[in-house]
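# Chains, contacts and geometry: an overview
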Amino acid sequence: MESTLHTRQKLDETDLAIIGRVEEDFDVSLETLADELDLSKSAVHYRLNKLKDSGVIKGVSADVDPLAFGLEMVAITDVSVTHESGYSENIGEELNELAGVERVYYTMGDVDFVVVSRVQTRDQLNDLIDQIVALEGVNETSSKFVMQEFDADSSLVSNLTDEARQAVLDASKR
């Protein structure tokens, strides 16, 4: 399992501006970034590579509309499991590998995992739930069905609170 402790990277306002802009449009050109940030293309290129090499930017991808694939059913499934050594890593990875699963969260509270899945039909969802229940260590599931999705701004930088933004910048000064 990956370590949950991450070293904070030293970021400044320019780094945050670059990250925010790339989050808005993964296909933005170096020239456009350089013009918008009043930097040279080589400075933008250097900073982007530094952000990628340090793992701050893990990749750039297209925002694909799941509805274009008929993936209209979204379910949020609470999964309770048997607590044995290594269960969170093992079961979490197994859940994440199931076709139709978008996200898996290991949680504290009444349930152990929250699984967000997206499928085309109720039959596909039933099959997926059957696969979850069949995993060794899974005791119980409870699913909720999403009736309507609201588009949210999923970009990290634009969703930082003022306090969080300042903490990122302050950490870079140390």
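Definitions and cut-offs
Residues numbered from 1 in each chain as written. Predicted model: local features only at pLDDT ≥ 70, side-chain atom pairs only at ≥ 80, totals over all residues. Heavy atoms only, no water. Helix = DSSP H or I, 4+ residues; strand = E, 2+ residues; numbered from the N terminus. Rg over C-alpha atoms; globule rule 2.2 N^0.38 Å. Buried < 20%, exposed > 50% of the residue type's maximum accessible area, 1.4 Å probe, protein only. Contact = heavy atoms within 4.5 Å. Salt bridge = Lys/Arg side-chain N within 4 Å of Asp/Glu carboxyl O. Axes fitted to C-alpha atoms, helices over the stretch in contact; angles between N-to-C directions. Parallel < 35°, antiparallel > 145°, perpendicular 65-115°, else oblique. Left-handed = near helix turned anticlockwise from the far one by under 90°. Nonpolar A, V, L, I, M, F, W, Y, C, P; charged D, E, K, R; others polar. pLDDT = per-residue confidence, 0-100. Patch = residues over 30% accessible without salt bridge, like charges linked within 9 Å, V, L, I, M, F, W, Y side chains within 5 Å. Areas by Shrake-Rupley, 256 points an atom, 1.4 Å probe, with all protein chains shown as cover. Lys, Arg positive; Asp, Glu negative; His and termini not counted. Charge placed at Lys NZ, Arg CZ, Asp CG, Glu CD. Pairing = 2+ DSSP bridges.

### Looking at the overall build of the chain
For the chain, the count of helices and strands is six helices and four strands. Along the chain, helices (α) and strands (β) appear in the sequence α-α-α-β-α-β-β-α-β-α when read from the amino end. For 174 residues, the compact-globule estimate of 2.2 N^0.38 gives 16 Å, and the chain exceeds it by more than 25% at 20 Å. Projected onto its principal axes, the C-alpha coordinates of the chain cover approximately 55 × 40 × 25 Å. Relative to its full complement of 174 residues, the chain shows a buried share of 29%. Long-range pairs, those at least 24 residues apart, make up 66% of the contacts in the chain between residues at least 6 apart in sequence.

### Some remarks on the pattern of salt bridges
All chains considered together, the criterion is met by seven salt bridges. Here Asp 12 ties to Arg 47 by a salt bridge, and the two come within 2.9 Å at their closest N and O atoms. Here Asp 12 is found in the segment before helix H1 (13-24), whereas its partner Arg 47 is found in helix H3 (residues 41-53), with 35 residues between them in sequence. Residues Arg 21 and Glu 36 are paired through a salt bridge, measuring 2.7 Å at the closest nitrogen-oxygen approach. Placement of Arg 21 in helix H1 and of Glu 36 in helix H2 (residues 30-37) is noted, with a sequence separation of 15 residues between them. Judged by its relative accessible area of 18%, Arg 21 falls in the buried class. Taken together, the salt bridges that share partners define one network made up of Asp 12, Asp 15 and Arg 47.

### Regarding the packing of H1 against H2
Axis separation between H1 and H2 bottoms out at 11 Å; the angle between their running directions is 135 degrees. By the criterion of interaxial angle, the relationship of H1 to H2 is oblique. In terms of crossing hand, the pair formed by H1 and H2 is right-handed. Each of Ala 17, Ile 18, Arg 21 and Val 22 in H1 lies in contact with H2, whose residues at this interface are Thr 32, Leu 33, Glu 36 and Leu 37. Residues belonging to the contact of H1 with H2 are distributed by class as follows: five nonpolar, one polar and two charged.

### Section: the environment of Asp 63
Locating Asp 63 in the fold gives a position in the loop between H3 and strand S1 (73-81). A sequence separation of 38 residues divides Asp 63 from Asp 25, and the C-alpha atoms of the two residues are 9.4 Å apart.

### Overview of the confidence of the model for the chain
Looking at the chain as a whole, the pLDDT averages 88, with 95% of positions reaching at least 70. Long-range and interchain partners of residues 1-5, a stretch whose pLDDT sits below 50, account for two contacts in this model, where long-range means more than four residues apart.

### Things to note about a negative patch on the surface
Where like charges cluster on the molecular surface, the negative patch consists of Glu 84, Glu 93, Glu 94, Glu 97 and Glu 136. Its location among the elements puts Glu 93 in helix H4 (residues 87-97). On the accessibility criterion, Glu 93 (42% relative accessible area) is partly exposed.

### Remarks on the sheet that holds strand S3 (residues 113-119)
Pairing in this open sheet of four strands is antiparallel, and the strands run S2-S3-S1-S4 from one edge to the other. This sheet does not close on itself; its edge strands, each paired only once, are strand S2 (101-106) and strand S4 (138-145). Each strand axis lies, on average, 20 degrees off the axis of its neighbour in the sheet, ignoring direction. Inspection of the sheet shows S1 paired to S4 by seven bridges, in the antiparallel sense. In the sheet register, Val 79 faces S4, and the bridge partner there is Thr 141.

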